[in-house]
Amino acid sequence: MTKSELVSQLASRFPQLVAKDADCAVRMILDAMADALANGHRIEIRGFGSFALNYRPARLSRNPKSGEKVHVSAKHVPHFKAGKELRERVDAAV
């Protein structure tokens, strides 16, 4: 599901919401989540899952095209862990 599909589904499910307001709400939620992760916080949505940061240390890698060694710097990457309820719903649907 894309962001625009989510906005249209929200607008259709809640008729009091105009599509522009639904778009603003989705954008605000995603911005708040990105800001929280950027500040090093963990996000937990009960029944859905949690978002946290994983640290990846610096390493020496290889360019697959040329074979030359490339230094990859250390970084933090977002990580999602599905909650128990979400895992069970997906498993039951598949």
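Just above sits the structure.
To start, this report covers the structure provided alongside it. Keep in mind the model is a prediction, meaning the values are calculated, not measured.

### Here's the deal with the environment of lysine 75
If you trace the backbone, lysine 75 turns up in strand 5 (residues 75-82). Along the sequence, lysine 75 and alanine 58 sit 17 residues apart, while their C-alpha atoms lie 7.5 Å from each other. Ignoring anything within four residues of it in the chain, the contact list for lysine 75 reads Asn54, Tyr55 and Arg56.

### So, the pattern of salt bridges
Note that side chains of opposite charge can pair when their charged atoms are close. Considering all chains together, one arrives at three salt bridges under this definition. The partner of glutamate 44 in a salt bridge is arginine 42, and the shortest N-O contact between them spans 3.1 Å. Between arginine 46 and glutamate 44 there is a salt bridge, and its shortest N-O distance comes to 3.1 Å. Classification of arginine 46 as exposed rests on a relative accessible area of 72%. Its relative accessible area of 44% is what places glutamate 44 among the partly exposed residues. Here the salt bridges do not stand alone but share partners, grouping Arg42, Glu44 and Arg46 into one network.

Rules used throughout
Residues numbered from 1 in each chain as written. Predicted model: local features only at pLDDT ≥ 70, side-chain atom pairs only at ≥ 80, totals over all residues. Heavy atoms only, no water. Helix = DSSP H or I, 4+ residues; strand = E, 2+ residues; numbered from the N terminus. Contact = heavy atoms within 4.5 Å. Salt bridge = Lys/Arg side-chain N within 4 Å of Asp/Glu carboxyl O. Buried < 20%, exposed > 50% of the residue type's maximum accessible area, 1.4 Å probe, protein only.

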